[in-house]
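So you can see what is in the structure, the chains are spelled out below.
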Amino acid sequence: MGLLAPSATTAMIRKAEKAGKDMQFAALPYRIKKNKVQVLLITSRGTRQWLLPKGWPMTGIKPHKAAAQEAWEEAGVIGHAHKHGLGKYRYRKERGPRTGLKIRVMVFPLEVRKLATHFPEAGQRDRIWLSPKKAAKRIRNPELAELVRNFDHKKLLH
């Protein structure tokens, strides 16, 4: 899986905004344990589906930093978010004021340095570390599952 240059990510965001599409930013938290990559999944608060931490754009904050902020709030992740996106997926919003809307989500890899016990949404979500293949099997959204399944940390630019 190739990475998206920050300029390509910016172009995709502008195109979505121009077309009136809603866009969110997600983090793909990962770590290396015993020379194998693991990714962190969390459950959604409502439907309890396994997914990645994600949220809406934040004024004045770059997309990869917004993804890292969401990873902190939703999963207690502290780490390094890469500027280069992995790709995007779409989903239909099932709850809240934007119910029924199709949302585009840009995904940014986030190398986890620490996982906190106390964080804003602690107790509201479950967290689990899995290999990319096992994680993909738990994800309902086929586009997101494919991004996670094909994640290769060796291709990341540092």
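As a reminder, the structure under discussion sits directly above these lines.
Q: What is the right way to read the packing of aromatic side chains from this model?
A: Describing an aromatic ring pair means giving the distance of the ring centres and the angle of the ring planes. Applying the stated rule across the entire model yields three aromatic pairs. Between Tyr89 and Tyr91, the aromatic rings sit 6.4 Å apart at their centres with planes inclined by 35°, giving tilted as the arrangement. For Tyr89, a relative accessible area of 2% gives the class buried.

Q: Where do I start with the environment of Arg48 in this structure?
A: Along the chain, Arg48 falls in the loop between β2 (36-43) and β3 (50-51). Judged by relative accessible area, which is 36%, Arg48 ranks as partly exposed. Once the C-alpha coordinates of Arg48 and Arg125 are considered, the two residues, 77 residues apart in sequence, prove to be 7.8 Å apart. Excluding residues that lie within four positions of it along the chain, Arg48 makes contacts with Thr43, Gln124, Arg125 and Asp126. In terms of polar contacts, Arg48 uses its side chain to reach the side chain of Thr43, at 3.4 Å. A polar contact of 3.0 Å, which involves the side chain of Arg48, links it to the side chain of Asp126.

Q: What should I look at first to understand the nonpolar core in this one?
A: Here is a general trend for soluble globular proteins: nonpolar side chains tend to be buried in one another's company. Leu28, Leu52, Val107, Leu110, Val148 and Phe151 are the most contacted members of the largest nonpolar core, which totals 42 residues. Per-element accounting of this core gives the leading share, seven residues, to strand β7 (residues 102-115).

Cut-offs applied
- Residues numbered from 1 in each chain as written.
- Predicted model: local features only at pLDDT ≥ 70, side-chain atom pairs only at ≥ 80, totals over all residues.
- Heavy atoms only, no water.
- Phe/Tyr/Trp six-rings, centres within 6.5 Å; stacked < 30°, edge-to-face > 60°.
- Buried < 20%, exposed > 50% of the residue type's maximum accessible area, 1.4 Å probe, protein only.
- Helix = DSSP H or I, 4+ residues; strand = E, 2+ residues; numbered from the N terminus.
- Contact = heavy atoms within 4.5 Å.
- Polar contact = N/O pair within 3.5 Å; in protein donor to acceptor, adjacent residues only side chain to side chain.
- Core = buried A, V, L, I, M, F, W, Y, C linked by side-chain atoms within 4.5 Å.

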